[in-house]
Amino acid sequence: MSSKGKVVAIVQARLGSSRLPLKSLLCLRDVPVIDWVTRRLGACARLDSIMVAVPDTPLDAVLLEHLRRRGVPCMAGPEDDVLARFCQAAQLADADLVVRVCADNPLIWSGAVDRLVDFYRQGHWDYAYNHIPRNNLWPDGLGAEILSRELLEDMGRKATQPSQREHCLNYIWDNAADFRIGTFDPAEDWLRRPDLRLDMDRPDDFRRLALLPISPDMDARAIVDVCGTACGKDCN
């Protein structure tokens, strides 16, 4: 797969989460979570643009309007067929490389995303990631996933299982032997914290993050220090 061309971060966001309803518009330090994500992605040097992909439901029309008022590129697509939604977003954004970002990662770090893009481009990977500590030492919630639009659209044609449509990159893991999957460790010792969970998937996650002295422009070192010292066991 080609590693050249336009790099677009596609943010998967919704308001209809059963575990944490309306989470993209919940506020951390008076700032909606989706704004944390788009603002922090805006600091990435390797991204050419950002696109937020939301479900085409009446509820999510509120999120779409929020994004449009802020001038954030966004689109609405199938609610349950997230793979089709991502394919549509990649086409609309004219992406060559797609960086998948989950909107429940408000502390996503531009440095982690930039390193991921560089890692992907320097290797011969079909898919690479550093958003979860799976065969790597990254904290959960600072990074992202990357693949080519060519591969994304190929999966759009081949994926048949409901789980592969709803979880748009499951097809890769279900057929891992067919793909060159890559990941890597952070260079810094202080960043090697696979024990830290920095995502916001459940009410307890929201409570934990909402009580931390964090800000949308905070760097990764400060985030890791604050979570490691203030959260204690709640970060795990």
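Owing to the predicted nature of the structure, the values given are computational and were not obtained by experimental measurement.

What to know about the side chain of Asp 199
- With respect to the helices and strands, the residue Asp 199 is situated in the loop between strand S9 (181–182) and helix H8 (203–210).
- For Asp 199, the side chain forms a polar contact with the side chain of Arg 197, separated by 2.8 Å.

Description of the side chain of Gln 12
- Mapped onto the elements of the fold, Gln 12 is located in strand S1 (residues 7–12).
- Note on Gln 12: relative accessible area 17%, which makes it buried.
- Discounting chain neighbours no more than four positions away, the residues touching Gln 12 are Ala 53, Val 82, Arg 85, Phe 86, Arg 100, Val 101, Cys 102, Ala 103 and Cys 168.

Side note on a negative patch on the surface
- Taken together, the side chains of Asp 56, Glu 79, Asp 80 and Glu 166 make up a negatively charged region of the molecular surface.
- Here Asp 56 is to be found in the loop between strand S4 (49–55) and helix H2 (60–69).

Concerning the sheet that holds strand S6 (residues 97–102)
- One open sheet holds the 7 strands; their spatial order is S5-S4-S1-S6-S8-S7-S9, and the pairing between them is mixed. Each edge of the open sheet carries a strand with a single partner, namely strand S5 (74–77) and S9.
- One ladder, built from 3 bridges, connects strand S7 (residues 127–129) with strand S8 (residues 145–148); its direction is antiparallel. Bridge pairing links Tyr 127 to Leu 147 in S8.
- Against the sheet, helix H5 (residues 149–158) touches S6 and S8, its axis set at about 85 degrees to S8.

Some points on the pairing of S6
- Most of S6 is tucked away, with 5 of its 6 residues classed as buried.
- Of the pairings in the sheet, the one linking S6 to S8 comprises 4 bridges and is antiparallel in character. In the strand pairing of S8, Val 99 is matched with Ile 146.

Structural notes on the layout of surface pockets
- Roughly 920 Å³ of internal volume is contained in the largest pocket.
- Along its surface, the largest pocket is lined by 35 residues, and Gln 12, Arg 100, Cys 102, Asp 104 and His 167 are the ones closest to its centre.
- Contributing elements (two or more residues each) for the lining of the largest pocket: helix H3 (82–93), S6 and helix H7 (170–174).
- The leading source of residues in the lining of the largest pocket is S6, at 3 residues.
- Counted by class, the lining of the largest pocket contains 12 nonpolar, 7 polar and 16 charged residues.

With respect to the packing of H3 against H5
- Packing of H3 against H5 brings their axes to within 9 Å, and their N-to-C directions diverge by 145 degrees. H5 is crossed by H3, and the crossing has left-handed handedness. Counted together, Leu 83, Phe 86, Cys 87, Ala 90 and Gln 91 of H3 and Arg 149, Leu 152, Glu 153, Met 155 and Gly 156 of H5 form the full contact between these two elements.
- Grouping the constituent residues of the contact of H3 with H5 by class yields 6 nonpolar, 2 polar and 2 charged.

Here we look at H2
- By the burial criterion, the buried members of H2 are Asp 60, Leu 63, Leu 64, His 66 and Leu 67. For H2, the arc enclosing every buried residue in end-on projection is 160 degrees, short of the 170-degree limit, so these residues lie on one face. In H2, those exposed residues whose orientation departs by more than 90 degrees from the buried face are Arg 68 and Arg 69.
- Each element contacted by the buried residues of H2 is listed here: strand S3 (31–32), helix H1 (33–41), S4 and S5.
- Among the residues trailing H2, Gly 71 stands out with phi positive, at a value near 75 degrees.

Conventions we followed
- Residues numbered from 1 in each chain as written.
- Predicted model: local features only at pLDDT ≥ 70, side-chain atom pairs only at ≥ 80, totals over all residues.
- Heavy atoms only, no water.
- Helix = DSSP H or I, 4+ residues; strand = E, 2+ residues; numbered from the N terminus.
- Polar contact = N/O pair within 3.5 Å; in protein donor to acceptor, adjacent residues only side chain to side chain.
- Buried < 20%, exposed > 50% of the residue type's maximum accessible area, 1.4 Å probe, protein only.
- Contact = heavy atoms within 4.5 Å.
- Patch = residues over 30% accessible without salt bridge, like charges linked within 9 Å, V, L, I, M, F, W, Y side chains within 5 Å.
- Areas by Shrake-Rupley, 256 points an atom, 1.4 Å probe, with all protein chains shown as cover.
- Salt bridge = Lys/Arg side-chain N within 4 Å of Asp/Glu carboxyl O.
- Lys, Arg positive; Asp, Glu negative; His and termini not counted.
- Charge placed at Lys NZ, Arg CZ, Asp CG, Glu CD.
- Pairing = 2+ DSSP bridges.
- Axes fitted to C-alpha atoms, helices over the stretch in contact; angles between N-to-C directions.
- 1 Å grid on protein atoms, 1.4 Å probe; cavity = no way out; pocket = protein on both sides within 12 Å on 5 of 7 lines; lining within 4 Å.
- Points joined across faces, edges and corners; volume = space filled by probe spheres on them.
- Nonpolar A, V, L, I, M, F, W, Y, C, P; charged D, E, K, R; others polar.
- Left-handed = near helix turned anticlockwise from the far one by under 90°.
- Arc of directions from axis to C-beta.

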